[in-house]
Amino acid sequence: MAHPRIHAKSSVKKWGGKEEDYQAIHDWFDETKSWLGHSNHRLYRHHSEGIFQAEKIFGVSFVNSDNKTVYTRYVGEQHVKEDCNNYIPSAKEWIIHMTNKNRPEWMQKTLKIED
Ligand SMILES: [Zn+2]
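So, how was this worked out
Residues numbered from 1 in each chain as written. Predicted model: local features only at pLDDT ≥ 70, side-chain atom pairs only at ≥ 80, totals over all residues. Helix = DSSP H or I, 4+ residues; strand = E, 2+ residues; numbered from the N terminus. Rg over C-alpha atoms; globule rule 2.2 N^0.38 Å. Buried ≥ 20, exposed ≤ 12 C-beta atoms within 10 Å, placed from the backbone. Contact = placed C-beta atoms within 7 Å. Arc of directions from axis to C-beta. Core = buried A, V, L, I, M, F, W, Y, C linked by C-beta atoms within 7 Å.

**Quick word on the overall build of the protein chain**
Regarding its fold elements, the protein chain presents six helices and two strands. When the elements of the protein chain are put in sequence order from the N terminus, they spell out α-α-α-β-β-α-α-α. For 115 residues, the compact-globule formula gives about 13 Å, and the C-alpha radius of gyration of the protein chain, at 14 Å, lands near that figure. Considering only C-alpha atoms, the protein chain reaches an extent of 45 × 25 × 25 Å along its principal axes. By the burial criterion, 27% of the 115 residues in the protein chain qualify as buried.

**Notes on the environment of Gly50**
Position of Gly50 among the secondary structure elements: in helix α3 (residues 48-58). Filtering out sequence-adjacent residues up to four positions away, Gly50 remains in contact with Phe29, Arg45 and Gly76.

**Digging into helix α2 (residues 20-30)**
Of the residues making up α2, those classed as buried are Asp21, Tyr22, Ile25, His26 and Phe29. Each buried residue of α2 lies within a common arc of 95° when the element is viewed along its axis, so the set occupies one face. Of the surrounding secondary structure, the elements contacted by the buried residues of α2 are α1 (4-15), α3 and α4 (72-83).

**Section: the nonpolar core**
Within the largest apolar cluster, 12 residues are counted, these being Ala8, Tyr22, Ile25, Phe29, Ile51, Ala54, Val70, Val75, Val80, Cys84, Trp106 and Met107. Taken together, the elements giving at least two residues each to this core come down to α2, α3, α4 and α6 (105-111). In terms of residue count, α2 provides more of this core than any other element does, three residues in total. Here Ala8 is in contact with Glu19, Tyr22, Gln23 and His26, once residues within four sequence places are set aside.

**Thoughts on the environment of Asn40**
Mapped onto the elements of the fold, Asn40 is located in the loop between α2 and α3. Classification of Asn40 as partly exposed rests on a count of 16 C-beta atoms within 10 Å. C-alpha separation for the pair Asn40 and Trp94, spaced 54 residues apart in sequence, amounts to 9.6 Å.

**Observations regarding unusual backbone geometry**
Most of the time, phi is negative for any residue but glycine, and the peptide bond is trans. The backbone of Asn67 sits at a positive phi, close to 65°, despite the residue not being glycine. Inspection of the secondary structure assignment puts Asn67 in the loop between β1 (61-63) and β2 (69-71). Look at Asn86: it is not a glycine, yet its phi comes out positive at around 65°. Residue position: Asn86 is located in the loop between α4 and α5 (91-98). Its 11 C-beta neighbours within 10 Å are what place Asn86 among the exposed residues.

Structure below.
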């Protein structure tokens, strides 16, 4: 997983509706790529605190184009899990492991080991 559009397609598979229903949330998670042009950008929002922050920004839930209620937190969880090897780290875990040579599997996959 990488591009926010791919995450939006995945959301449509899970909850129906259109990619546009989810795009703003996925764009927000990946917006930090403009801060740091490397997969390390994920440390800023790809964690449990980031998911709750998204909920504050986009609301607890929204109604998609299929008139179905979708929970923002679930969309955030989907995004982070797709990027972090099916795992949701905390912000603290990112910080602890960022300088650790023996990184956990979720981080190895998401950073593709670039030291
Ligand atoms: Zn992402």
